[in-house]
Amino acid sequence: MSVADENLFLSQPEFIEDDPRTGRPEVFGYKIDAAFMLRRHQILMPKTLVENKSILDLGSCNAATGAWCLSQGAKFYTGVEMQDRFVETSAKNLSRYYPQSRWEIE
């Protein structure tokens, strides 16, 4: 099974578990879960778009997009987030799976 075929958000569940939008009612349009995040990122950030690129993510929340892009071969990921709790969560979760030399959270 290739990386593109597996659901990153099931194998790296922190990026879903630590997302405050998971408890949001569906009346707001969609529910954040592993299946939704996989579909969203496959459509918006396909491997052909991010591979060997440097990615800038404004309003990066918990860096789930960073995890996706790095898993798809992005050269470097920069997440920009205003809320300290998301900065801390992002750094903690990214450091579990990706070398610090490939990402930063501002």
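Now for a look at the structure at hand.

Cut-offs applied
Residues numbered from 1 in each chain as written. Predicted model: local features only at pLDDT ≥ 70, side-chain atom pairs only at ≥ 80, totals over all residues. Heavy atoms only, no water. Core = buried A, V, L, I, M, F, W, Y, C linked by side-chain atoms within 4.5 Å. Buried < 20%, exposed > 50% of the residue type's maximum accessible area, 1.4 Å probe, protein only. Helix = DSSP H or I, 4+ residues; strand = E, 2+ residues; numbered from the N terminus. Contact = heavy atoms within 4.5 Å. Salt bridge = Lys/Arg side-chain N within 4 Å of Asp/Glu carboxyl O. Polar contact = N/O pair within 3.5 Å; in protein donor to acceptor, adjacent residues only side chain to side chain.

1. A short note on the nonpolar core
In a soluble, globular protein the nonpolar side chains are often hidden away together inside.
Stage number 1. Ranked by internal contacts, the top residues of the largest apolar core, which has 24 residues, are Phe9, Tyr77 and Leu94.
Stage number 2. Contributions of two or more residues to this core are made by helix H1 (8-11), helix H2 (14-17), helix H3 (34-44), helix H5 (64-71) and strand E3 (103-105).
Stage number 3. In terms of residue count, H5 provides more of this core than any other element does, five residues in total.
Stage number 4. In this view, Leu94 contacts Phe15, Ala63, Gly66, Ala67, Leu70, Tyr77, Trp103 and Ile105; residues no more than four positions away in its chain are not counted.

2. Topic: the side chain of Thr89
Stage number 1. Inspection of the secondary structure puts Thr89 in helix H6 (residues 84-97).
Stage number 2. In contact with Thr89, other than residues within four places in its own chain, are Asp18 and Asn62.

3. Digging into the pattern of salt bridges
Any two side chains of opposite charge can pair, so long as their charged atoms come close to each other.
Stage number 1. Taken as a whole, this structure holds four salt bridges when the rule is applied.
Stage number 2. Between Lys92 and Asp18 there is a salt bridge; the shortest N-O distance is 3.7 Å. Pair noted here: Lys92 is in helix H6 and Asp18 is in the loop between H2 and H3, with a separation of 74 residues, a long-range link.
Stage number 3. Among the residues examined, Asp18 registers a relative accessible area of 27% and is labelled partly exposed.
Stage number 4. Among the ionic pairs, Glu51 bridges to Lys47, the shortest N-O distance being 3.9 Å.
Stage number 5. Overall, the relative accessible area of 36% leaves Glu51 in the partly exposed class.
Stage number 6. When its relative accessible area of 37% is taken as the criterion, Lys47 is described as partly exposed.

4. Comments concerning the environment of Asn7
Stage number 1. Take Asn7: it is sitting in the segment before H1.
Stage number 2. With relative accessibility at 13%, the residue Asn7 sits in the buried group.
Stage number 3. Once the C-alpha coordinates of Asn7 and Ser54 are considered, the two residues, 47 residues apart in sequence, prove to be 22 Å apart.
Stage number 4. With residues up to four places along the chain from it excluded, the contact list for Asn7 reads Ala34, Ala35 and Leu38.
Stage number 5. One polar contact links the side chain of Asn7 to the main-chain carbonyl oxygen of Ala34, over a distance of 3.1 Å.

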